[in-house]
Amino acid sequence: LNLMNPSVVIVGMPGLRWTDVTPEATPHLWEMLDRSSIGQMSTRSARSRTCPADGWVQIGTGNRARYPIPDDPVEGSCQPLPPMTSSGGDGARVERWDAVVAENADLAFDAVPGLLGQTLSDELGSDAGCTAASGPGSGLGAADREGWVDQWTPDPISLTRQAVRTCPLLVVGMPPPSAERRLGELAGVDGVVGAVDAMRAPGSLMLVLGVSDLADERA
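Residues numbered from 1 in each chain as written. Predicted model: local features only at pLDDT ≥ 70, side-chain atom pairs only at ≥ 80, totals over all residues. Heavy atoms only, no water.

Caption draft 1: Looking closely at the overall build of the chain. If you tally the helices and strands in the chain, you get seven helices and eight strands. Contacts in the chain between residues at least 24 apart in sequence constitute 70% of all its contacts with a sequence separation of at least 6. With the model as given, the accessible surface of the chain reaches about 11,000 Å², and the carbon-plus-sulfur share is 52%. (Helix = DSSP H or I, 4+ residues; strand = E, 2+ residues; numbered from the N terminus. Contact = heavy atoms within 4.5 Å. Areas by Shrake-Rupley, 256 points an atom, 1.4 Å probe, with all protein chains shown as cover.)

Caption draft 2: View of the nonpolar core. If you look at the biggest cluster of nonpolar residues, it comprises 25 residues, and the most contacted ones within it are Ile10 and Leu140. Put simply, the parts of the chain that give this core at least two residues each are β1 (8-12), α2 (52-61), β3 (92-94), α3 (97-105), α4 (115-128), α5 (138-142) and β7 (169-173). Contacts of Ile10, omitting those with residues within four sequence positions, involve Ile59, Leu116, Leu169, Leu170, Val171, Val172, Leu207 and Leu209. Core analysis: the next-biggest nonpolar cluster, separate from the first, contains 22 residues, Leu29, Ala132, Leu170 and Met174 among them. (Core = buried A, V, L, I, M, F, W, Y, C linked by side-chain atoms within 4.5 Å. Buried < 20%, exposed > 50% of the residue type's maximum accessible area, 1.4 Å probe, protein only.)

Caption draft 3: Geometry of the sheet that holds strand β6 (residues 151-153). What the five strands build is an open sheet, ordered β6-β4-β7-β1-β8; its pairing is parallel. The open sheet terminates on both sides in strands that have one partner only, identified here as β6 and β8 (205-209). Across this sheet, the average inter-strand angle for adjacent strands is 10 degrees, counted without regard to direction. The sheet strands contacting α2 are β1, β7 and β8, and the helix crosses β7 at an angle near 170 degrees. (Pairing = 2+ DSSP bridges. Axes fitted to C-alpha atoms, helices over the stretch in contact; angles between N-to-C directions.)

Caption draft 4: The sheet that holds strand β2 (residues 84-86), seen in detail. The sheet built from three strands is open, its strands ordered β2-β3-β5 with antiparallel pairing. Strands with a single pairing partner mark the edges of an open sheet, and in this sheet they are β2 and β5 (148-149). Bridge count for β2 against β3 is three bridges, and the pairing is antiparallel. For Ser86, the partnering residue across the bridge sits in β3 and is Ala92.

Caption draft 5: Highlighting the state of the cysteines. Going through the model one piece at a time under the given rule, you end up with two disulfides. The disulfide partner of Cys51 is Cys78, and the S-S distance across this bridge is 2.0 Å. One quick way to see it: the torsion about the S-S bond of Cys51 and Cys78 is about -80 degrees, and its sign makes the bridge left-handed. Of this pair, Cys51 sits in the loop between α1 (27-33) and α2 while Cys78 sits in the loop between α2 and β2; the two residues are 27 residues apart in sequence, bridging distant segments of the chain. (Disulfide = S-S within 2.5 Å.)

Caption draft 6: Quick peek at helix α7 (residues 183-199). Over its 17 residues, α7 runs 24 Å from end to end, which matches the ideal 24 Å to within 8%, given 1.5 Å per residue. Listing the buried residues of α7 in full gives Leu186, Val189, Asp190, Val192, Val193, Gly194, Val196, Asp197 and Met199. Where the residues of α7 are buried, they touch β1, α1, α6 (161-166), β7 and β8. (Expected span 1.5 Å × (residues − 1).)

Caption draft 7: Here's a closer look at unusual backbone geometry. Although it is not a glycine, Arg96 sits at a positive phi angle of roughly 65 degrees. Structurally, the position occupied by Arg96 is in the loop between β3 and α3. Although it is not a glycine, Asp110 adopts a positive phi angle of roughly 55 degrees. Following the sequence through the fold, Asp110 ends up in the loop between α3 and α4.

As structure tokens, this is what we get:
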């Protein structure tokens, strides 16, 4: 990443697998394979099973981390992804952010929630170092150490060229697919990937990630 002209776009989908990527179901992703570097991503979190919320926290920490379990958990289920609270302007804060920080404070992995967004802001300054997020879970990956993102778009379908290019970091979250992995669900993420790819700045870096296990999978 060139800090003189940075632009990174992350599109994440919990449970996304290589077997999901086919010319018929995901034509945009399939076409990107011919012009991209590819690899297998480990989603292992600070738990034996990586739920979607855990995976999104790890995007922002760069280390093994986890999202807090609710006070009244349903056995075998994953934690719900947290909503975002609007600042009254363009930004928003991840709800339960203080609980996320406390959950990781005493773990052995030295994970710092919000490190990615905070580092970007510190390196580029408050004017240039903004972060943007769109879609479920994305705020956990893009937030600074106080849990804030500067530009929040609830639905990735609503992203515009300006929204995609305003900040040097944009994190886009897609809903996890069902266990049946219906073609419409995969087509949805493929459509967002294609639209964001077409709108992002020339020379920017785009990452498409499977950020976690599926919510209904067992370790």
